[in-house]
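Notes for the structure review
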Amino acid sequence: MNKRIKVDDLPEFDAAPYLDSEAAIAAYLTDILEANNAALLAAALGDIARARGMTEIAKSAGITREALYKALRPDSAPRFDTVSRVCAALGVRLVAQPVHVA
């Protein structure tokens, strides 16, 4: 007999514990950016900031910890300036590349 599991009964996944290296962070952000979703990007930056220490990242980005949490919540649409400052504080940069390579 198969017991069906409801999605709502599954534990919520937290990516932060897995973001323990520069390579893991870069791969995570690259995958997130391919989704082309600002709210998803904000949430991913929040995951990375939590993995690195929210207080430290907020200080490095020049914003309050509360403002950082607000800007990087999953349903937010942060300004590019905020994303740029958080990326700099995290030690990563967003890079453009051609979509179609000849």
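Everything here concerns the structure above.
Notes on the structure follow. (Residues numbered from 1 in each chain as written. Predicted model: local features only at pLDDT ≥ 70, side-chain atom pairs only at ≥ 80, totals over all residues. Heavy atoms only, no water.)

**Brief notes about the nonpolar core**
The biggest cluster of nonpolar side chains holds 23 residues, and the ones touching the most others in it are L29, L45, I57, L68, L72, V86 and L90. Only α1 (22-34), α2 (38-52), α3 (54-61) and α5 (80-90) provide two or more residues apiece to this core. Per-element tally for this core: the top contributor is α2, with 6 residues. (Core = buried A, V, L, I, M, F, W, Y, C linked by side-chain atoms within 4.5 Å. Buried < 20%, exposed > 50% of the residue type's maximum accessible area, 1.4 Å probe, protein only. Helix = DSSP H or I, 4+ residues; strand = E, 2+ residues; numbered from the N terminus.)

**Notes on the packing of α2 against α5**
Their axes nearest at 11 Å, the elements α2 and α5 cross at an angle of 30 degrees. If you check the angle between α2 and α5, you find them roughly parallel. Here α2 runs over α5; the crossing is left-handed. Residue-level contacts link L41, L45, I48, A49 and R52 of α2 to V83, V86, C87 and L90 of α5. The class makeup of the residues in the contact of α2 with α5 is 8 nonpolar, no polar and 1 charged. (Axes fitted to C-alpha atoms, helices over the stretch in contact; angles between N-to-C directions. Parallel < 35°, antiparallel > 145°, perpendicular 65-115°, else oblique. Left-handed = near helix turned anticlockwise from the far one by under 90°. Contact = heavy atoms within 4.5 Å. Nonpolar A, V, L, I, M, F, W, Y, C, P; charged D, E, K, R; others polar.)

**Examining the packing of aromatic side chains**
Remark: the centre distance and the inter-plane angle together describe each pair of aromatic rings, the angle taken between the planes. What the rule picks out here adds up to 1 aromatic pair. When the ring of F13 is compared with that of Y18, the centres are 5.7 Å apart and the planes differ by 15 degrees; the resulting orientation is stacked. Of the two residues, F13 and Y18, neither departs from the other in class, the shared state being exposed. (Phe/Tyr/Trp six-rings, centres within 6.5 Å; stacked < 30°, edge-to-face > 60°.)

**What to know about unusual backbone geometry**
Apart from glycine, the bulk of residues carry a negative phi angle, and the bulk of peptide bonds sit in the trans form. The backbone of N36 sits at a positive phi, close to 55 degrees, despite the residue not being glycine. Mapping N36 onto the fold places it in the loop between α1 and α2. Note on N36: relative accessible area 71%, which makes it exposed.

**Quick notes on α5**
Those residues of α5 that fall on the buried side of the exposure criterion are T82, V83, V86, C87, A89 and L90. End-on, the buried residues of α5 take up no more than an arc of 160 degrees, which puts them together on one face. Of the exposed residues in α5, those oriented more than 90 degrees away from the buried face are F80 and A88. In this fold, the buried residues of α5 make contact with α2, α3 and α4 (65-71). G91 lies just past α5 and shows a positive phi near 80 degrees. (Arc of directions from axis to C-beta.)

**A look at the side chain of S76**
Along the chain, the position of S76 falls in the loop between α4 and α5. Within polar-contact distance, the side chain of S76 engages the backbone oxygen of A71 at 2.6 Å. In this structure the side chain of S76 is engaged in a polar contact, spanning 2.9 Å, whose partner is the backbone oxygen of R73. Dropping the residues within four chain positions of it, S76 is found in contact with A38, A39, A42, K70 and A71. (Polar contact = N/O pair within 3.5 Å; in protein donor to acceptor, adjacent residues only side chain to side chain.)

**Looking at the packing of α3 against α5**
Their axes nearest at 8 Å, the elements α3 and α5 cross at an angle of 115 degrees. Seen from above, α3 lies across α5 with right-handed handedness. Facing I57, S60 and A61 of α3, the residues of α5 in contact are R85, V86, A89 and L90.

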